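Here are the chains, one letter per residue:
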Amino acid sequence: MNGENAEDGGWGANQAGCLLLDSVELLECRWTARRQPELFFKGGAFTDLRFTPVSKANTGGIHTNFYEMGWLIIHQIKEIYYPLLATFGVPANLVAIVIISRGNCGLSKCISVYMMAMATADLLLLIFHVIVVQIFSFRFPCSFLSDTAVCKFIAHICNFTLHTSVWLTVSFTFDRFVAICCRKFETNYCTLRTAAVVITAVTAFFCFKNIPFYFVIEPERIINNVSWDCRSRVEFFSSPAGVAFSCLESILVPWLPLALILLCNCLTVRRILAASRARRRLRRLNSDNRSDPEVENRRKSIILLFAVSGSFIHLWLPVSVSYLTTRLASTTRYDGENTAPGYIATESGYLFMYLSSSVNTCIYAATQTKFRKELTALVKSPWIFIKKCV
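Residues numbered from 1 in each chain as written. Predicted model: local features only at pLDDT ≥ 70, side-chain atom pairs only at ≥ 80, totals over all residues. Heavy atoms only, no water.

(A) Spatial organisation of the overall build of the chain. Check the secondary structure of the chain and you find 12 helices and seven strands. Here the chain, with 390 residues, has 49% of them falling under the buried criterion. The long-range share in the chain, meaning contacts at least 24 apart out of those at least 6 apart in sequence, stands at 75%. Looking at the chain as shown, the accessible area adds up to about 19,100 Å², and 66% of this sits on carbon and sulfur atoms. (Helix = DSSP H or I, 4+ residues; strand = E, 2+ residues; numbered from the N terminus. Buried < 20%, exposed > 50% of the residue type's maximum accessible area, 1.4 Å probe, protein only. Contact = heavy atoms within 4.5 Å. Areas by Shrake-Rupley, 256 points an atom, 1.4 Å probe, with all protein chains shown as cover.)

(B) Broad picture of the pattern of salt bridges. The final tally for this structure, using the stated rule, is nine salt bridges. A salt bridge links arginine 233 to glutamate 235; the nearest nitrogen and oxygen atoms lie 4.0 Å apart. Relative accessible area serves as the criterion here: at 53%, glutamate 235 is assigned to the exposed category. (Salt bridge = Lys/Arg side-chain N within 4 Å of Asp/Glu carboxyl O.)

(C) Region of interest: the nonpolar core. Counting 72 residues, the largest nonpolar core has Trp316 and Tyr364 as the members making the most contacts within it. Taken together, the elements giving at least two residues each to this core come down to helix 1 (61-101), helix 2 (109-139), helix 3 (148-181), helix 5 (192-209), helix 7 (240-285), helix 8 (293-329), helix 9 (341-355) and helix 10 (360-367). Setting aside chain neighbours within four positions, we find tyrosine 364 in contact with Ala96, Ile100, Met115, Met118, Leu304, Val308 and Phe371. Within the second largest apolar cluster, eight residues are counted, among which are Val216, Ile217, Cys230 and Phe237. (Core = buried A, V, L, I, M, F, W, Y, C linked by side-chain atoms within 4.5 Å.)

(D) Focus on the state of the cysteines. This model, assessed by the stated rule, comprises one disulfide. Covalently, cysteine 151 is tied to cysteine 230 through a disulfide, its sulfur atoms 1.8 Å apart. Highlighted residues: cysteine 151 in helix 3 and cysteine 230 in strand 6 (residues 226-232), separated in sequence by 79 residues. For the pair cysteine 151 and cysteine 230, one class covers both residues: buried. The structure places no disulfide on cysteine 190, whose sulfur is separated from the nearest cysteine sulfur, that of cysteine 110, by 5.5 Å. When its relative accessible area of 17% is taken as the criterion, cysteine 190 is described as buried. (Disulfide = S-S within 2.5 Å.)

(E) How the structure looks around unusual backbone geometry. Valine 253 connects to proline 254 through a cis peptide bond whose omega is 10°. With a phi close to 55°, asparagine 224 is a non-glycine residue in the positive phi region. Judged by its relative accessible area of 52%, asparagine 224 is exposed.

(F) Structural context of the pairing of strand 5 (residues 217-223). With six of seven residues buried, strand 5 is to be regarded as a mostly interior element. Taking the residues that link successive antiparallel strands as the turn, the strand 5-strand 6 hairpin has two residues, and the phi of asparagine 224 there is positive, at about 55°. (Pairing = 2+ DSSP bridges.)

(G) Local environment of helix 2. Its 31 residues place the ends of helix 2 42 Å apart at the C-alpha level, agreeing with the 45 Å of an ideal helix rising 1.5 Å per residue. At valine 132, helix 2 shows its maximal bend, which comes to roughly 35°. (Expected span 1.5 Å × (residues − 1). Bend = angle between axes of the 7 residues up to and from the residue.)

(H) Just the packing of aromatic side chains, in detail. With the rule as written, the count across this model stands at 13 aromatic pairs. When the centroid spacing of 6.5 Å and the interplanar angle of 70° are considered together, the rings of phenylalanine 128 and phenylalanine 153 count as edge-to-face. Residue phenylalanine 128 is found in helix 2, and its partner phenylalanine 153 is found in helix 3; the two are separated by 25 residues along the sequence. Here phenylalanine 128 falls in the buried class, since its relative accessible area comes to 19%. Ring geometry for phenylalanine 174 and phenylalanine 177: centres 6.0 Å apart, planes at 40°, overall tilted. Placement of both phenylalanine 174 and phenylalanine 177 in helix 3 is noted, with a separation of three residues, approximately one turn of the helix. The class of phenylalanine 174 is partly exposed, set by a relative accessible area of 32%. Classification of phenylalanine 177 by relative accessible area gives buried; the value is 13%. (Phe/Tyr/Trp six-rings, centres within 6.5 Å; stacked < 30°, edge-to-face > 60°.)

(I) Region of interest: a positive patch on the surface. Positive charge collects at one region of the surface, where Lys300, Lys370, Arg372 and Lys373 lie side by side. Per element, the largest residue contribution to the positive patch is three residues, and it comes from helix 11 (residues 369-380). Mapped onto the secondary structure, lysine 370 falls in helix 11. When its relative accessible area of 46% is taken as the criterion, lysine 370 is described as partly exposed. (Patch = residues over 30% accessible without salt bridge, like charges linked within 9 Å, V, L, I, M, F, W, Y side chains within 5 Å. Lys, Arg positive; Asp, Glu negative; His and termini not counted. Charge placed at Lys NZ, Arg CZ, Asp CG, Glu CD.)

Honestly, that's just the spatial picture; any functional story needs more than this.
Shown next, in the form of structure tokens:
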């Protein structure tokens, strides 16, 4: 290589393959015009894969054509899907932040703060994961984003936004669980101050927790004394500390959040059913046929809770199952191709996972009448709406 000092740590300069971190971020192959692999961080599942180019030496006949077709379809979908997702998701989250911040949606301040925090986290996730990584890094592989220092920052911020988005959803679910199932604790916990403390604590914790990513990542190669791209330090992730770190990341996202959300929702449903039966018996004894104002007031909050947490579970489930099956198939490393079913399944799971950062605005519009009215006013007369906000 003319004037290039390629330090690839055991990977040949022309070897088509890349190492994917078994941690909170996934490293994916990005092919340049020279057909050499470069690495960049991509938020999502926690897979440990090594991809090699497809050839008839390692796959045979009809299977090669089948998997190559699947690989091509996935990448064609990604080239269309991610720009469309960013085009819809970024404005949708911005609109949600503006409307909720006005306080005219008929929701408590506690719920409004959580909704604004979730919309902000989802907005940052779309900016860094989808726009920066999936669109810019993929379409402009030789830009400043390939600088190792920038790559490390992207790795940190992608981890941060992913964890924060997930755990704010967990915090919101737990807040509603307390409000419905723990009436004695509700007065002290379901307040604006507590919500602000929880959001700040979640944000600060994951900001500091992801600092180690600056130290467990090294340059992929050095060209003319300039570091390019980034990859994990194999010696760290092979050590007991690295294994423990990877396990912690796998627990924090997605398994513990999914388990907590499912648990809180199951307990909430049980409480609602028990309370509803008791109130119906009481009203029958009193021969009261009027509508129950308390039930009506709680109905919208409950619908909002189940819609947000339910969409999160369903959209995160594919990538979680893909990760689990990959680890069960190989506890240390999966040796396959970038056309392998595991790779295609994981990439398909990301499509749903990133969608979870764009659907909350649609949920608010579908479940909250006042939010829908504010959104309609914004669409009909945007300048008047903005003037009112100012």
